[in-house]
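# Summary of the model geometry
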Amino acid sequence: MNMDKHQIANVLAEMAALLDLKGENPFKVRAYENAARVLDGLSQDLDHLIARKQLTDIKGIGANLATHITELHAHGTFDEYVQLRRSIPEGVVAMLAIPGLGAKKVGTLWKKLKITTIDELEKMCRAGKIAKLEGFGEKSQEKILKGIESVRRFSGRHLVSEAHVAAAALLDAVKKCKAVLRAEVGGSVRRYVETVGDIDILVATKNPEAVMDYFVTLPDVTQVVAKGATKSSVVLSSGINADLRAVTEREFPFTLHYFTGSKAHNVAMRSLAKQHDMKLNEYGLFKGKDEKRIPCKDEAAIFAVFGLDFIPPELREDMGEMEAAAKKSLPRLVEQGDLKGVLHAHTTYSDGRASLEEMAFAAKKRGFAYLGISDHSKSAAYAGGLSVEQIHQQHREIDQLNKKLTGIRLLKGIECDILADGSLDYSDDILETFDFVIASIHSKFTMTESEMTKRICAAISNPHVDILAHPTGRLLLTRDPYPVDMLKVIQCAAKQGVAIEINSHPQRLDLDWRWGQQMMALGVKTLISPDAHSTDGLDVVRFGIGIARKGWFEKEDVLNCFGVDNLLMHFQRHEK
DNA sequence: GCCGTTTTCGGCCCGACTGTTTTCAGTCG
């Protein structure tokens, strides 16, 4: 079986966990974790690298991992992996997901009490057997039970959209504490990762004790996991975990940087500091043997010490941002204010809840100069897809509204289903009548990767198609993406001059931002679209902006940062 | 496991909090 890089990354990450459980050298464990992360974010063609034996050119992949990756790519497995898996039950690996349990403790539970599933662990806790185990106690037992509950209830991850709302509310609440001088949200929320495990709040204060007392007694806190002098950890009513760190004002920029991460970015920064004979931690930057403190008033000053431009939080994934910052070639990331309009909105003509006119007003109210309507096409029967007659009717209504309305222009579009064979839902003479055509998949997800890739490439090769929407079909925390060779799709989009959407729906956030740099290298544009099914649905573009920034996109790469004339010209030129 | 303009061997980021211990290992970020 042939594995793609994400499947291989999953195996390597599992290897890391298995090795950890075996008590292997922690640096070996880290090497596997690191390789998994690198592969997940790899923009080059893996087949190509393997064929040319260039895997070891990638930082973090040496001779051994290159062999394993090559083996996985060709056969879907390798000897050491098979043996390790055979020696450790699946349920034991699953126990690692329980907060408070790491490899060492899980190893003890497994070896001493022969526990191999989370269910068994729960029974043993309830029977009071865990508390008697050496190194454990009553509190550990309690904590494990709570941990099991949280794993089951929330599987530990949350959509960044939900986390953002919760984090903003929490930050507001924290700022109301008189002892708080400065406060910011850090962590994966600040980096805009599509799903997050918890919320990190960083605070500057002269009185950390007062801040901690205040924090753990906020009304939204349902459980206090830990409370210390500078760090506390709680569970909010939404089920999201939140951590708070309190430091001095002098330390704050370093704390904010450190707790924004990512882990990989921090490791890179600390290594860089070390090369400069400095030490970087969450409290400061220190030079030489006598650890002379180097003051920095903000994050930009920290980067500047190493000759780096300020790296926006979204880019801090150790995916080339350090090199770009050193070369002064970081992108000027797109901002919400750059959006001139939006495309991809539904109305009552198909499955939207608002009329054309209501959507037009809502878009205008949000400061957009144009709104591209794209209801579902006819085969999307479940969503009230439009018949040819309904299309004509909608176009007449749009023409009338455009005469009547000021300050907003409606564009005629369609979200056209890509059928199983890669053909589109309407004939060419119908497709020609739209200002723009979005193509997307809503059915027949179970195809092989090569079939699906062929299907999508066929669809976007139709000269009427301007945009490919939600290219992987994923629903975060709910449905995996369908199998598709994104690199081939991007190459095909480049050839056809087709843009690939960043769908801003909180559950989609699809395109995956990890493809951004590759898209821009090939000159493929994107579209930050709301996929709105109501007037409020227009507001989600702010999540799409976050993902676009994370993907290194600049406003020049984003179609709806174009003025309406340029946009229409772009679509027309592309059809010729 | 990986890596190298000090090194092909000996490093590999660093600190807080907890619980179970009487000085520290494990976990987490």
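Since the structure is predicted, the reported quantities are computational estimates derived from the model, not experimental observations. (Residues numbered from 1 in each chain as written. Chains lettered and ligands numbered in written order. Predicted model: local features only at pLDDT ≥ 70, side-chain atom pairs only at ≥ 80, totals over all residues. Heavy atoms only, no water.)

### Overview of helix 23 (residues 541-550)
Residues spaced three or four apart along an α-helix face the same direction, because each turn holds 3.6 residues. Rule in force here: Between buried and exposed lies partly exposed: a residue is buried under 20% and exposed over 50% of the maximum accessible area for its type, with that area taken using a 1.4 Å probe on protein chains only. The secondary structure listing takes helices from DSSP runs of H or I that are at least 4 residues long and strands from runs of E that are at least 2 residues long, numbered from the N terminus. Any two residues having at least one pair of non-hydrogen atoms within 4.5 Å are treated as being in contact.
With nine of 10 residues buried, helix 23 lies mostly within the body of the structure. Listed in full, the buried residues belonging to helix 23 are Val541, Phe543, Gly544, Ile545, Gly546, Ile547, Ala548, Arg549 and Lys550. For helix 23, the elements touching its buried residues are helix 10 (160-175), helix 11 (187-191), strand 11 (341-345), strand 16 (499-503) and strand 17 (526-529). Backbone geometry just after helix 23 places Trp552 at a positive phi near 75 degrees.

### Thoughts on the pairing of strand 17
The test is simple: At least two DSSP bridges between two strands are required for those strands to pair. The path from the first strand over the helix to the second decides the hand: if it runs clockwise while the strands point away from the viewer, the crossover is right-handed.
Of the two faces of strand 17, both are covered, the one formed by Thr526 and Ile528 as well as the one formed by Leu527 and Ser529. Pairing of strand 16 with strand 17 involves four bridges; the strand directions are parallel. In the sheet register, Asn503 faces strand 17, and the bridge partner there is Ser529. For the crossover from strand 16 across helix 22 (residues 516-521) to strand 17, the handedness is right-handed.

### Digging into the environment of Asp429
In plain terms, the rule: Between N or O atoms, a polar contact is any pair within 3.5 Å; within protein, one atom must be a potential hydrogen donor and the other a potential acceptor, and residues adjacent in sequence are included only when both atoms are from side chains.
Take Asp429: it is sitting in helix 19 (residues 428-431). When the C-alpha atoms of Asp429 and His464 are compared, they prove to be 9.9 Å apart, with 35 residues separating the residues in sequence. For Asp429, the side chain forms a polar contact with the side chain of Ser427, separated by 2.4 Å.

### Thoughts on the sheet that holds strand 7 (residues 241-247)
Selection criterion: An axis is simply a line fitted to the C-alpha atoms; with a helix, the fit covers only the stretch in contact. Between two such axes, the angle follows the N-to-C directions and lies from 0 to 180 degrees.
Judged by pairing direction, the sheet is mixed, and its five strands sit side by side in the order 2-4-7-6-5 without closing on themselves. Strands with a single pairing partner mark the edges of an open sheet, and in this sheet they are strand 2 (180-186) and strand 5 (221-227). Looking at each pair of strands side by side, their axes are set apart by 25 degrees on average, direction ignored. With five bridges joining them, strand 5 and strand 6 (residues 231-236) adopt antiparallel strand pairing. Within strand 6, the position partnered with Val224 by the bridge is Val234. Set on the sheet, helix 12 (residues 208-216) makes contact with strand 2, strand 4 (198-205), strand 5, strand 6 and strand 7; between it and strand 7 the angle comes to about 165 degrees.

### Here we look at the state of the cysteines
The criterion, for reference: Sulfur atoms of two cysteines make up a disulfide when they are within 2.5 Å.
Counted by the stated rule, this structure contains zero disulfides. Left unpaired, Cys492 is separated from the closest cysteine sulfur, that of Cys457, by 3.7 Å.

### Remarks on the domain arrangement of chain A
Think of interface size as the accessible area that goes away when the parts come together; that is how it is often given. In plain terms, the rule: Boundaries of every domain are those given by an automatic assignment or by a domain database. Buried area adds together the accessible area that both of two parts lose upon being put together, with accessible area traced by a 1.4 Å probe. Salt bridges are identified by distance alone: a Lys or Arg side-chain nitrogen within 4 Å of an Asp or Glu carboxyl oxygen. Classification used: nonpolar for Ala, Val, Leu, Ile, Met, Phe, Trp, Tyr, Cys and Pro, charged for Asp, Glu, Lys and Arg, polar for all others including Gly.
What the domain assignment lists for chain A is domain 1 (5-154), domain 2 (158-249), domain 3 (261-326) and domain 4 (336-575). Measuring from the centre of the C-alpha atoms in domain 2 to the corresponding centre in domain 3 gives 24 Å. In terms of surface lost to domain 3, no three residues of domain 2 exceed Arg190, Arg191 and Val247, which account for 77% of the buried area on that side. At the surface where domain 2 touches domain 3, the tally comes to two salt bridges. Residues Glu299 and Arg190 are paired through a salt bridge, measuring 2.8 Å at the closest nitrogen-oxygen approach. At the boundary of domain 2 and domain 3, one finds two residue pairs in polar contact (both at pLDDT 80 or more). Broken down by class, the residue content of the side of domain 2 that touches domain 3 amounts to three nonpolar, no polar and three charged.

### Points about the pairing of strand 14 (residues 436-440)
Buried residues dominate strand 14, accounting for five of its five residues. On strand 14, burial covers both faces: Phe436, Ile438 and Ser440 on one face and Val437 and Ala439 on the other are all buried. Bridge count for strand 13 (residues 409-417) against strand 14 is five bridges, and the pairing is parallel. The residue bridging Cys416 from the neighbouring strand is Ala439, located in strand 14. The pairing of strand 14 with strand 15 (residues 467-468) spans two bridges and is parallel. Residue pairing across strands places Ala439 opposite Leu468, the latter belonging to strand 15. Of the crossover connections in this fold, the one passing from strand 14 over helix 20 (residues 449-460) to the parallel strand 15 is right-handed.

### Re the nonpolar core
One broad rule of soluble globular proteins: the nonpolar side chains tend to lie buried together. Test applied: Throughout this description, the term nonpolar core refers to a set of buried Ala, Val, Leu, Ile, Met, Phe, Trp, Tyr and Cys residues connected via side-chain atoms within 4.5 Å.
By size, the foremost hydrophobic cluster in this structure holds 101 residues, and its most contacted members are Val174, Ile199, Ile201, Phe215, Leu244, Leu371 and Ile500. The element contributing the most residues to this core is helix 10, with seven residues. Looking at which domains feed residues into this core, each of domain 2 (158-249) and domain 4 (336-575) supplies at least three. If sequence neighbours within four positions are ignored, Ile201 has contacts with Ala167, Leu170, Leu171, Val174, Glu184, Val185, Asp243, Leu244 and Arg245. Counting 50 residues, the second largest nonpolar core, distinct from the first, contains Met15, Tyr32, Val92 and Phe136.

### Some points on the sheet that holds strand 17
Strands pair in a sheet through their backbones, by hydrogen bonds, and they do so in one of two ways: parallel or antiparallel. Here we have seven strands laid out as an open sheet, ordered 11-12-13-14-15-16-17, and parallel in their pairing. Each edge of the open sheet is held by one strand with a lone partner, namely strand 11 and strand 17. Judged from the four bridges that link them, strand 11 and strand 12 (residues 370-376) form a sheet pairing that is parallel. The partner of Leu343 across the bridge, within strand 12, is Gly372. Across the sheet, helix 17 (residues 356-365) lies against strand 11, strand 12 and strand 13, angled at about 145 degrees from strand 12, the strand it touches most.

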